[in-house]
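As a plain string of letters, each chain reads:
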Amino acid sequence: MSFRPTLPLYKKSSTSWLARQSRDPFVKARMSSPSSYRSRSAYKLIELNDKWGRFLSRPSVRSVVDLGAAPGGWSQVVAERLGWTMDAEDNAEDFGLREEAKVQKRGSWSVEPKNKTAGRGKIVALDLLPIIPIPGVQTLQMDFLAPGSARVVRDALKSSQNPEGTSDIVLSDMAANFSGSKIRDSQMSLDICHAVFDFAKDALTVRQVDERGKVYGGGILLLKHFAHPLLQEFRKECLEPNFHLVHYIKPESSRADSAEGYWLCRGWLGKT
Ligand SMILES: C[S@@+](CC[C@H](N)C(=O)[O-])C[C@H]1O[C@@H](n2cnc3c(N)ncnc32)[C@H](O)[C@@H]1O
């Protein structure tokens, strides 16, 4: 299949996203902080991680996949939690919304972080859209629903410590553009959930319990979806039998009028 590494391009379609972000009171409040993220979604992941056991920050986490990652807010959060750092100047100037606004004027992007510090493990981020580089994150610009995409992501995860290309955590904030038809939109959400689950079931590390009851591994899946009865069936048939724990979460930082929610699935049992 065809794919290409993400190129640092700027597209006009980001203009409406930037305008919406600049009006958002939640983002405005956060923008006064020196550490700014590229997306409102970043604060959902921070909230979920903080409230649910800081699963991203555990030292055992060595490989993370971020699906539907553009513009890169979640990947920025993951990179930070895995120890990738930028100095304050890089963070505020090169990786925040302020810089995206500058890119709009400049029309292109080719800035690499100046003072990056190595973190641990591997982070692979994928989207249909380009993602501006983030230290510690390998980006892929491709359609995750296209045949062969799972293999490309698994290959990108491989390293001498991880020859099989397994993943400790799979994150999916993927969402198709709304079509205006509720039936079509929920079908798209279901298709995405199935594709992510099919990927996760092969890629996630399996939960092991030793004779003394100590638990090892057990991959985590964080999956965005949109409320629909079909998606409840998906939860019962695919998620609940295969994970130790499955929680439905509506983060406070998620817009109240949005039908989106997340399943946090912990402890991949490897049964399927
Ligand atoms: C809500 S945004 C993700 C925001 C991201 N988590 C962040 O913090 O910056 C949803 C993303 O899903 C991507 N997406 C939708 N369908 C996709 C597909 N089939 N393959 C890859 N990415 C897809 C969209 O391009 C969009 O960037």
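Residues numbered from 1 in each chain as written. Predicted model: local features only at pLDDT ≥ 70, side-chain atom pairs only at ≥ 80, totals over all residues.

Draft legend 1. Quick peek at the overall build of the chain. Within the chain, the regular secondary structure consists of nine helices and 10 strands. Burial analysis of the chain (272 residues in total) assigns 38% to the buried set. In the chain, once contacts between residues fewer than 6 apart in sequence are set aside, the share between residues at least 24 apart is 74%. (Helix = DSSP H or I, 4+ residues; strand = E, 2+ residues; numbered from the N terminus. Buried ≥ 20, exposed ≤ 12 C-beta atoms within 10 Å, placed from the backbone. Contact = placed C-beta atoms within 7 Å.)

Draft legend 2. Representation of the site of the ligand in the model. Taken together, 22 residues sit near the ligand, with S39, S41, G68, G73 and D173 positioned nearest. Of all elements in the fold, only α3 (41-51), α4 (73-81) and β3 (122-127) reach the threshold of two or more residues within the shell around the ligand. Tallied by class, the residues present in the shell around the ligand amount to 13 nonpolar, five polar and four charged. (Near = placed C-beta within 6 Å. Nonpolar A, V, L, I, M, F, W, Y, C, P; charged D, E, K, R; others polar.)

Draft legend 3. Layout of the pairing of strand β5 (residues 169-172). Residues I169 and L171 line one face of β5 and the alternating positions V170 and S172 line the opposite face, and both faces are buried. Bridge count for strand β2 (residues 63-67) against β5 is four bridges, and the pairing is parallel. By the bridge assignment, L67 is partnered in β5 with S172. With four bridges connecting them, β5 and strand β8 (residues 220-226) associate as parallel partners. (Pairing = 2+ DSSP bridges.)

Draft legend 4. Region of interest: helix α7 (residues 149-157). Among all positions in α7, only V153, A156 and L157 are buried. All buried residues of α7 project into a common sector of 105 degrees when viewed along the axis, lining one side. In this structure, the buried residues of α7 make contact with β2, β3, β4 (137-141) and α8 (182-203). (Arc of directions from axis to C-beta.)

Draft legend 5. The nonpolar core, seen in detail. Formed by 56 residues in total, the largest nonpolar core has its most connected members in V124, L126, V170 and V196. Per-element tally for this core: the top contributor is α8, with seven residues. Apart from the residues within four sequence positions on either side, L126 is in contact with L67, A69, L140, M142, F144 and V153. (Core = buried A, V, L, I, M, F, W, Y, C linked by C-beta atoms within 7 Å.)

Draft legend 6. Examining the confidence of the model for the chain more closely. On average, residues of the chain carry a pLDDT of 81, and 75% of them reach 70 or more. Predicted confidence in the chain is weakest over helix α6 (residues 97-106), with a mean pLDDT of 37, and strongest over β5, with 98. When the criterion is pLDDT under 50, residues 88-113 qualifies, and its contacts beyond four places in sequence or with other chains add up to 37 contacts. (pLDDT = per-residue confidence, 0-100.)

Draft legend 7. View of the environment of K122. Considering the arrangement of structural elements, one finds K122 in strand β3. On the neighbour-count criterion, K122 (22 C-beta atoms within 10 Å) is buried. A C-alpha to C-alpha distance of 8.6 Å links K122 and S159, two positions 37 residues apart in sequence. Beyond its immediate chain neighbours, meaning those up to four positions away, K122 contacts R62, S63, L157, S159 and N162.

Draft legend 8. Seen up close, unusual backbone geometry. In this structure, the amide linkage connecting A70 to the following residue, P71, adopts the cis form with an omega of 5 degrees. Note on placement: P71 falls in the loop between β2 and α4. Despite not being glycine, R54 shows a phi value in the positive range, around 50 degrees. Checked against the element boundaries, R54 lands in the loop between α3 and β2. The exposed category is assigned to R54, around which 10 C-beta atoms lie within 10 Å.

Draft legend 9. Inspection of the packing of α8 against helix α9 (residues 229-239) at higher detail. At their nearest, the axes of α8 and α9 sit 10 Å apart, and the two run at 15 degrees to each other. Taken together, the axes of α8 and α9 lie roughly parallel to each other. Crossing handedness for the pair α8 and α9: right-handed. The residues of α9 that touch α8, namely those facing S186, S189, L190, C193 and F197, are L230, L231, F234 and C238. Its residues assigned to classes, the contact of α8 with α9 comprises seven nonpolar, two polar and no charged. (Axes fitted to C-alpha atoms, helices over the stretch in contact; angles between N-to-C directions. Parallel < 35°, antiparallel > 145°, perpendicular 65-115°, else oblique. Left-handed = near helix turned anticlockwise from the far one by under 90°.)

Draft legend 10. How the structure looks around the environment of G165. As for its placement among the helices and strands, G165 is situated in the loop between α7 and β5. For G165, a count of 20 C-beta atoms within 10 Å corresponds to the buried category. Placed 43 residues apart in sequence, G165 and K122 show a C-alpha to C-alpha distance of 9.9 Å. Those residues within four positions of G165 in sequence are excluded, and the remaining contacts are R154, D155, L157 and K158.

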